[in-house]
Every structure is written in structure tokens, then in C-alpha cells.
Amino acid sequence: MPRMLKTALRRALDRFGLELVRKDAPGRFVDPFAEIKHLGRPIRMVFDVGANVGDVTLRLASDHPAAVIHAFEPAPDTFATLEHRAAHLPNVHAHAVALSAEPGRRTLRQFENSRLSTLADAAPFVDTFHPEPRATVAVETTTLDAFAAEKGIEAIDLLKIDTEGLDYEVLTGGARLFANRRVTFVVCEFNEVRRPAAGGAAGLVELHDLLAAWGFRLFMIQNDYVVPDRNYFAVRNALFVLP
């Protein structure tokens, strides 16, 4: 990582009381899910929002075998793969619905790489690399609060969100749960430190400010990957914890 970029990142992280360390530093965990497992709090209810084909769903089912996991994936063909892969796990429930700020129907853009499918009008990866969508489909949306109320779910121990630019909206759809301190861990994705001036997906600052208002603290950030030849475009995951 170039020295100037490293310095800028350290300054940004300092605002949140964080430090920049190598992921292979002794005693450090390489991702938020390993950190959550290490912290040892009981994980009984998991929401995997933007589950895609189920890689994280299956990992969390292995890490927390006693947990009930609700996995949300609105893209029809991707959902079929998720459902098939999780069919042998009675504690995993797959739902062909998207979570957002409000219930209704929205247009999902689908790409050859299913991880890029998005409901967001401005999705950072798509706006940077400009892949062509292979299809669009209208999908059902609901909210964290509405789904939890419908299913009689009173608390979520681990909420993972990866929605290609819609993470902030997903969080606002759970305002009742958050205000009542019914969520413990939140793992979400971001690309920029701040929302771009021209608009677009929320950055780390906006996600932090929203969750901090509900009592959360930023615990760690993981760089998933960085693309140097695109102005160091990065995909990052943030772990927030309710003390």
C-alpha cells in the first residue's frame, strides 16, 4: 500500500479510535466473522442479508451450529442455488425477498457475477467498472422490522449485510429493533470513507453515525480487496458491536 494512502487511511481510522494493522499480525483475526466467534457471545439468531449463493450462510451455520439463520436473496436463480446448498441444514431458512428501507417492489439489476446484483440506483462497484446487466427483475422488498414482527423474532444476534450499495437502507428498515437494542453485531460493506459529494452509496462515516446513534461502536474494518488501477477502489467490511 503506498505511503500516502496508508497515512490517509490511518487518519480516517483515528476518528473512530481504530488502528491500521497487518492482517497477519500475531493475535489478529483476518475477518469480522472470526472476530465474532472469538468474542464468545452467544449467537442464536442470524440474518444474512444479501446471501447470494450462500458462502457466508454456510460458514455461519458451521461457526454457530445452534443458531437459527435467515438468509435473504431476491435474485431468482441465485436464490435457487442458495436454497439447494442449504437444504441439508434445518436451522437455515432461505427467503426470496430483499430487505430495504420500506416494503414494496423494486427493480433488481442482475449481472453475470451474481455478487454484483443490486437494487441500488448507485452501486459503487457497478459505477466504477461499468459491467452490463444481463437482466432486470422486479422483486419483493420488506424491512428488518416488518420481517422480524411477522416471524415473531425479538432479537438478532448477528446481522450481516452485503447488498451492493443498499446497506444503509437496510439498517434504517430496522429502526425499531435498533432503538430497542435488539441487535448485537452488525457486519456491513462499504467502499468509501464518506458518501461521494455527487451522491451514491453511504460510506463508513454515514454507516458509523447511523449505528452510533443506536449505541454501536465500530470494532474493526477488513479490507476485502483493493484495485490499484481504479484509484484504489476498495471493498471493505465493517464490524459494529453493541456494548
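For the structure itself, consult the block above.
These lines cover the structure that appears in this document, whether it is placed above or below. (Residues numbered from 1 in each chain as written. Predicted model: local features only at pLDDT ≥ 70, side-chain atom pairs only at ≥ 80, totals over all residues. Heavy atoms only, no water.)

## Description of the overall build of the protein
Selection criterion: Comment: elements are numbered from the N terminus, with helices defined as DSSP H or I runs of at least four residues and strands as E runs of at least two. In short, Shrake-Rupley with a 1.4 Å probe defines the accessible areas, and a residue's cover is counted only from the protein chains shown. For the purpose of counting charges, residues Lys and Arg are taken to be positive, whereas Asp and Glu are taken to be negative. His and the chain ends are not included. To locate a charge, take NZ of a lysine, CZ of an arginine, CG of an aspartate or CD of a glutamate.
When helices and strands are counted, the protein shows 9 helices and 10 strands. A principal-axis box enclosing the C-alpha atoms of the protein has dimensions of 50 × 45 × 30 Å. Accessible surface, the protein as shown: approximately 12,100 Å² in total, 50% of it carbon and sulfur. Of the charged side chains in the protein, 28 are positive and 31 negative, and the gap between their average positions amounts to 7 Å.

## Description of empty space enclosed by the protein
Filter applied, for reference: Definitions used throughout: a 1 Å grid over protein atoms alone; a cavity as a set of points that fits a 1.4 Å probe which cannot get out; a pocket as an open set with protein on both sides within 12 Å along at least five of seven lines; a lining residue as one with an atom within 4 Å of a point. Grid points are joined across faces, edges and corners, and a volume is the space filled by probe spheres set on the points. Each residue gets one label: Ala, Val, Leu, Ile, Met, Phe, Trp, Tyr, Cys and Pro are nonpolar, Asp, Glu, Lys and Arg are charged, and the others, such as Gly, are polar.
One pass over the structure, following the stated rule, counts 3 cavities of 30 Å³ or more. Volume-wise, the largest cavity comes out at about 90 Å³. Mapped by element, the contributors of at least two residues to the lining of the largest cavity are α7 (167-172) and β8 (183-190). Here the lining of the largest cavity is built from residues that sort into 7 nonpolar, 2 polar and 2 charged.

## Details of the nonpolar core
Short version of the rule: Take the buried residues of types Ala, Val, Leu, Ile, Met, Phe, Trp, Tyr and Cys, join any two whose side-chain atoms come within 4.5 Å, and each joined set is a nonpolar core. Partly exposed residues are those whose accessible area sits between 20% and 50% of the maximum for their type, while under 20% is buried and over 50% is exposed, using a 1.4 Å probe and protein chains only. Any two residues having at least one pair of non-hydrogen atoms within 4.5 Å are treated as being in contact.
Counting residues in each nonpolar core, the largest one holds 32 residues, and the members touching the most others are F47, L159, F178, V186 and F240. Elements supplying a minimum of two residues to this core: β1 (45-49), α6 (144-151), β7 (156-161), α7, α8 (175-179), β8, α9 (204-212) and β10 (233-241). The residues contacting F178, other than those within four sequence positions of it, are L144, L159, L171, V183, V186, L211, W214 and F216. With 17 residues, the next largest nonpolar core counts F33, I36, L89 and V187 among its residues.

## Quick notes on the sheet that holds strand β2 (residues 68-72)
What counts here: Here a strand pair is declared whenever DSSP counts at least two bridges between the two strands. Between N-to-C directions, angles cover 0 to 180 degrees, with each direction set by a line fitted to C-alpha atoms, over the stretch in contact for helices.
Within the open sheet, the 7 strands sit side by side as β3-β2-β1-β7-β8-β10-β9. Their pairing is mixed. If you trace the sheet from one side to the other, it starts and ends with β3 (92-95) and β9 (217-227), each paired once. The average undirected angle you get between the axes of adjacent strands in this sheet is 15 degrees. Bridging between β9 and β10 involves 9 bridges; their strand directions are antiparallel. What sits directly across from N223, in β10, is R236.

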